[in-house]
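Chain by chain, the residues:
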Amino acid sequence: MGLFDRISEGLARSRDRFKEQMNVLLDRGPDLDEGFWDGLEETLILSDIGGGAACEIVEGLRDTAVRKALPDAYAVLDLLNDRIAETFATGGEGVLSGGPAVVLFVGINGTGKTTTVGKLAKEVTDEGRTVLLGSADTFRAAAIEQLEAWAARSGVEVVTRERGSDPASVCYDTLERAEAQGADLVLIDTAGRLHTSADLMRELEKVVGVVRKRSKLPVFTVLVIDATTGQNGLSQAREFDRALDLDGVIVTKLDGTAKGGIALAVSHELGLPVLKIGVGEGLDDLKDFDAHDFARALVGDFDERG
Amino acid sequence: MLESLSNRLQGIFSGLRGKGRLTEDDINDAMREIRMALLEADVNFKVVKSFVARTKERCLDAEVLDSLTPAQNVVKIVLDELTELLGRTDSKLVLSSRIPNVIMLVGLQGSGKTTAAAKLAWRLKQENHAPLLVACDVYRPAAADQLETLGGEIGVRVYRGDGQDPVRIATEGVQDAIDNLRDVVIVDTAGRLHVDEAMMEEAEAIKAAVKPDQILMVVDAMTGQDVVNVAAAFAERVDFDGVIMSKMDGDARGGGALSIKEVTGKPIKFISSGEKPDSLEEFHPDRMAKRILGMGDMVSLIESAVKVQQEEIEQEQAERMMRANLNLNDFIEMNRQIRKMGGIAKLVSALPGGDKAMAAGQVDEGALDHMEVIINSMTKAERERPELLNGSRRARIAAGAGVTVPEVNQLVKKFNETKKMMKRFMPAAEEMAGGKRGKKGKKGRRRRMGLPGGMSMADLRKLQDMMGE
């Protein structure tokens, strides 16, 4: 199964809806009239990429359409496709699929950090690497049990402490154990916190600081963001990036009807590569990200148009 | 982002205010800006569209444009329409007469259902109900553990059942409530993406099995444009009664969640903001409208400011009393506080034996007011330092207050006696305040020592005797 197919499968629903809307547009005829541009803007806004960004994209396309004398709506949609794909930041290969590393997962409450760590553990173990999990979410009730359940499913070890203990100390333990065992990849789940909570953000800064200081392996921080998040996602990403200097983003819950347009905004504005996308609840539902595929899957590709 | 948005809206409005007259173009520009601002706040696109159309129409009304303060009228219309959008009236949680009452919570994954369930239970417990939490999320690892832990923290019983069949757990949960004399059952269901047919059917099955009196949908304030699709699907399948907006302590403006009212007609009942169980508040549409517009939640702000100010005054006063360094301003303050609490009559009657004293005519309601009139005729310096009051000053005050000099003398005498009395029983009060320190003293506040704090009935009677004669 090709890369594109795998993502398409996960994004099928999103794509169908997007395409449906695009088809409504296209039914108006391929003329580039006011109705088309308004409709295009609406479609983009509804995908959560943001009012400003949608406006910008539409204005840009409009300009290009006039300058290049584009014949019809199809040509514009082609351009749109490329534009969306180009807007994503690139890089980030070294985080999850490079050499040995320590990766911390951060984000607000309920975005799916623990689940993502669980799925990643499975995927990476399947690739034959040695994985160790650290449960630094000592705050949320049952977060440790949840991660333990995931660890059991993929058969990896997890370092825990009782609820309420210092997350930094869990990380310390995790790193020591990782060194003793010679683990390839250390995945640390942190407690969800709102980016507006100054105290909790400072705590997280401390945790990451401890890890960076202690670890002999390179340390990465990854923001986990929920595809249903609206424009607030940008504010989240900004705050986490300011505090922790993020290395990448993982977008979860893309199997719903939400289009995850916020990923585009976050990736573009903060220059953060999208590392993975979560498209389901199954153990294998964490997929690789490819900007062109993402854009294509979102807009719908050419052949299916006519 | 929040700040820039709020600034932008204020910019729009102040731009309009700067103009004496508004033209149609001005309104069009402003509406374009408002549209963008609302979209940035995640209000649903379709809702924004109709909102802007409605507002624009009203603003273009000749009466608005030709009025003396067109800009203010525009701001008012926007606020008005926004309040309309959110719902005119506060929508409270009303329990039906059925026992046990069943409240079912539904929502997407990670929206905060389990936390909201615990908060709701805590709130009901505060209102003297005996809630039972039922853990029907059998899918997410450790979801039931989470509920059990939270339930343990707030002292609410949690029913877990066999952890296999959600419908059976729900039904057994209701029976468990009956067996254990619980009057409200809160059913926490599994989170779902609404596209998940199996999960939706399960929610319907639970609904059919326990026939909930209320179904509340928990919605994350940060959700974007997609939320209306989700809400519409839930409304169609399980027909919820109201919404709990979660994660309002962030800087999200909750525009998506707010669109739900417009799209489904279901009101927002609570907003949840924080990790602690007491952070579930009732929703006030008018205040939220102002928050969205970046006008600040003035009412809440004023409410808390007033409270703080009062605390400051009380603290100062309490400290002065501690030093038995009473002045005449304290007299007035005491009088006002007594009036605020419903007058001396109510205060006395609320004390043990007070009703009897009232009936015996021992209490003169007007005495305090009379005193206040005299004190009001004094200068600031005189109020702060009553020892300044010499013969000519007393004559002046008497003339100013429309009383005789002996009456002023009497007041001064009463004041001195009260001061002496304070000195006598303050050491005892100090001890008491010292004991309470552990709790209140941490915040640097002392327990209020004025009326009716540290006084016994006898003390009050004494004071009353001195005042009323």
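See above for the structure.
This one's a predicted model, so the numbers in the text were calculated from it and none came from an experiment. (Residues numbered from 1 in each chain as written. Chains lettered and ligands numbered in written order. Predicted model: local features only at pLDDT ≥ 70, side-chain atom pairs only at ≥ 80, totals over all residues. Heavy atoms only, no water.)

**Structural notes on the overall build of chain A**
How we decide: Segments assigned H or I by DSSP are reported as helices when at least four residues long, segments assigned E as strands when at least two residues long, and all are numbered from the N terminus. Accessibility here uses a 1.4 Å probe with only protein chains present; expressed as a share of the type maximum, an area under 20% marks a residue as buried, one over 50% as exposed, and anything in between as partly exposed. Throughout, a contact is declared for two residues whenever any of their heavy atoms are within 4.5 Å. For every accessible area listed, the method is Shrake-Rupley and the probe measures 1.4 Å; residues are considered covered only by the protein chains on display.
Per the secondary structure count, chain A includes 12 helices and eight strands. Expressed as a percentage of its 306 residues, the buried residues of chain A come to 59%. Across chain A, the fraction of contacts at a sequence separation of at least 24, relative to all contacts at a separation of at least 6, is 77%. With the model as given, the accessible surface of chain A reaches about 11400 Å², and the carbon-plus-sulfur share is 47%.

**Re the side chain of Ser267 of chain A**
All names here are of chain A. Rules: Whenever two N or O atoms come within 3.5 Å, that pair is a polar contact, provided that in protein one can donate a hydrogen and the other can accept it, and provided that, for residues adjacent in sequence, both atoms are side-chain atoms.
By the element assignment, Ser267 lies in helix H11 (residues 261-270). Side-chain polar atoms of Ser267 contact the backbone nitrogen of Ala89, separated by 2.9 Å. Engagement of the side chain of Ser267 in a polar contact is seen with the backbone oxygen of Leu272, the distance being 2.8 Å.

**A word on unusual backbone geometry**
The omega torsion of the bond from Ile99 of chain B to Pro100 of chain B falls at -5°, within 30 degrees of zero and hence cis. Here Pro100 of chain B lies in the loop between helix H5 (70-86) and strand E1 (101-107). For Lys253 of chain A, which is not a glycine, the phi torsion comes out positive at approximately 60°. Phi at Leu181 of chain B takes a positive value of approximately 55°, unusual for a residue other than glycine. Take Leu181 of chain B: its relative accessible area is 74%, and that puts it in the exposed class.

**Remarks on the interface of chain A and chain B**
Here is the rule: By buried area we mean how much accessible surface two parts lose on assembly, using a 1.4 Å probe and totalling the loss over both. Just to be clear on terms, a salt bridge is a Lys or Arg side-chain nitrogen sitting within 4 Å of an Asp or Glu carboxyl oxygen.
Contacts between the two partners involve 41 residues from chain A, matched on the other side by 38 residues from chain B. At the boundary of chain A with chain B, total buried surface from both sides reaches about 3300 Å², with 57% on carbon and sulfur atoms. With a closest N to O distance of 3.8 Å, Glu41 of chain A and Arg35 of chain B form a salt bridge. The tally of links between chain A and chain B comes to eight residue pairs in polar contact (both at pLDDT 80 or more). Elements supplying a minimum of two residues to the side of chain A that touches chain B: helix H1 (3-27), helix H2 (34-46), helix H3 (51-67), helix H7 (143-154) and helix H10 (232-244) of chain A.

**Describing the sheet that holds strand E5 (residues 219-226) of chain A**
Residues and elements named next belong to chain A. Defined as follows: Any two strands with at least two DSSP bridges between them are considered paired. The angle between two axes is taken between their N-to-C directions and runs from 0 to 180 degrees, where each axis is a line fitted to C-alpha atoms and a helix contributes only its stretch in contact.
With mixed pairing, eight strands are arranged side by side in an open sheet as E3-E2-E4-E1-E5-E6-E7-E8. Because the sheet does not close on itself, it has two edges, and the strands there are strand E3 (157-159) and strand E8 (286-288). For this sheet, the mean angle separating the axes of adjacent strands, direction not counted, is 25°. As paired strands, strand E2 (residues 131-136) and strand E4 (residues 185-190) are joined by six bridges and run parallel to one another. Note on E4: the bridge partner recorded for Gly134 is Ile188. Helix-sheet contacts for H7 involve E2, E3 and E4, and the interaxial angle to E2 is about 170°. Against the sheet, H10 makes contact with strand E1 (101-106) and E5, and its axis sits at roughly 165° relative to E5, the strand it touches most.

**Comments concerning the pattern of salt bridges**
All names here are of chain B. What the rule picks out here adds up to 39 salt bridges over all chains. With a closest N to O distance of 2.8 Å, Asp239 and Lys266 form a salt bridge. Taken as a pair, Asp239 in the loop between helix H10 (227-237) and strand E6 (242-246) and Lys266 in the loop between helix H11 (255-264) and strand E7 (268-272) lie far apart in primary sequence, 27 residues in all. For Lys266, a relative accessible area of 17% corresponds to the buried category. Residues joined by salt bridges that share partners form a network here, namely Arg54, Arg58, Asp80, Glu81 and Glu262.

**Remarks on the packing of helix H3 (residues 45-59) of chain B against H11 of chain B**
Residues and elements named next belong to chain B. Note the following rule: In these notes the angle categories are as follows: under 35 degrees is roughly parallel, over 145 is roughly antiparallel, 65 to 115 is roughly perpendicular, and the rest is oblique. Note that Gly is not counted as nonpolar here; it falls among the polar residues with everything else outside the nonpolar set of Ala, Val, Leu, Ile, Met, Phe, Trp, Tyr, Cys and Pro and the charged set of Asp, Glu, Lys and Arg.
Direction vectors running N to C along H3 and H11 enclose 75°, while the axes themselves pass 10 Å from each other. One element, H3, and the other, H11, form an angle in the roughly perpendicular class. Residues Val47, Ser50 and Arg54 of H3 lie in contact with H11, whose contacting residues are Ser259, Glu262 and Val263. Across the contact of H3 with H11, the residue classes tally to two nonpolar, two polar and two charged.

**With respect to H5 of chain B**
Residue and element names in this part refer to chain B. In plain terms, the rule: An expected span of 1.5 Å times one less than the residue number is assigned to each helix.
Between the first and last C-alpha of H5 there are 24 Å, a value that for 17 residues agrees with the 24 Å anticipated at 1.5 Å per step. H5 sits mainly inside the fold: 12 of its 17 residues count as buried. Taken together, the buried positions of H5 are occupied by Pro70, Ala71, Val74, Val75, Ile77, Val78, Leu79, Glu81, Leu82, Thr83, Leu85 and Leu86. Phi turns positive one or two residues past the end of H5, at Gly87, with a value near 110°.

**Topic: the packing of H2 of chain A against helix H4 (residues 73-87) of chain A**
Residue and element names in this part refer to chain A. Selection rule: Working rule for handedness: look at the near helix, and if it is turned counterclockwise from the far one by less than a right angle, call the crossing left-handed; if clockwise, right-handed.
It is the contact of H2 with H4, at a shortest axis distance of 12 Å, that shows an interaxial angle of 30°. The pairing of H2 with H4 is recorded here as roughly parallel in orientation. Note on packing geometry: the crossing formed by H2 with H4 is right-handed. Side by side, H2 and H4 meet where Phe36, Trp37, Leu40 and Leu44 of the first sit next to Ala73, Val76, Leu77 and Leu80 of the second.

**Considerations on the environment of Asp126 of chain A**
All names here are of chain A. Within the fold, Asp126 resides in helix H6 (residues 113-126). On the basis of relative accessible area, Asp126 is assigned to the exposed category, the value being 54%. Separated by 28 residues in sequence, Asp126 and Ser154 have C-alpha atoms that sit 8.8 Å apart.

**Notes on the environment of Ala257 of chain B**
Residue and element names in this part refer to chain B. Here Ala257 lies in helix H11. Placed 36 residues apart in sequence, Ala257 and Ala221 show a C-alpha to C-alpha distance of 5.9 Å. For Ala257, the contacting residues outside a window of four places in its chain are Val219, Val227, Met245 and Ile268.

**What to know about the environment of Arg383 of chain B**
Residues and elements named next belong to chain B. Assignment of secondary structure puts Arg383 in helix H18 (residues 380-384). In the structure, Arg383 is positioned 55 residues away from Leu328 in sequence and 4.9 Å away in space, judged by C-alpha atoms. When sequence neighbours within four positions are dropped, the list of residues in contact with Arg383 reads Asn327, Leu328, Asn329, Ile332, Ile375, Asn376 and Met378. Among the polar contacts listed, one links the side chain of Arg383 to the backbone oxygen of Ile375, at a separation of 3.3 Å.

**Overview of the pairing of E2 of chain A**
Residues and elements named next belong to chain A. Formally: With its strands directed away from the observer, a crossover is right-handed exactly when the path from the first strand over the helix to the second travels clockwise.
In terms of residue burial, E2 counts as a mostly covered element, since six of its six residues are buried. Judged by which residues are buried, E2 turns out to be covered on both faces: Val131, Leu133 and Ser135 on one side and Leu132, Gly134 and Ala136 on the other are all buried. Taken together, E2, H7 and E3 form a β-α-β motif whose crossover is right-handed.

**Observations concerning the sheet that holds strand E3 (residues 157-159) of chain B**
Residue and element names in this part refer to chain B. Strand order in the open sheet formed by eight strands is E3-E2-E4-E1-E5-E6-E7-E8, and the pairing between neighbours is mixed. Two strands bound the open sheet, and with one partner strand each, they are E3 and strand E8 (280-282). When the angles between neighbouring strand axes are averaged without regard to direction, this sheet yields 25°. As paired elements, strand E5 (residues 214-220) and E6 share five bridges and run parallel to each other. Residue Leu216 lies in a different strand from E6, and its bridge partner there is Gly242.

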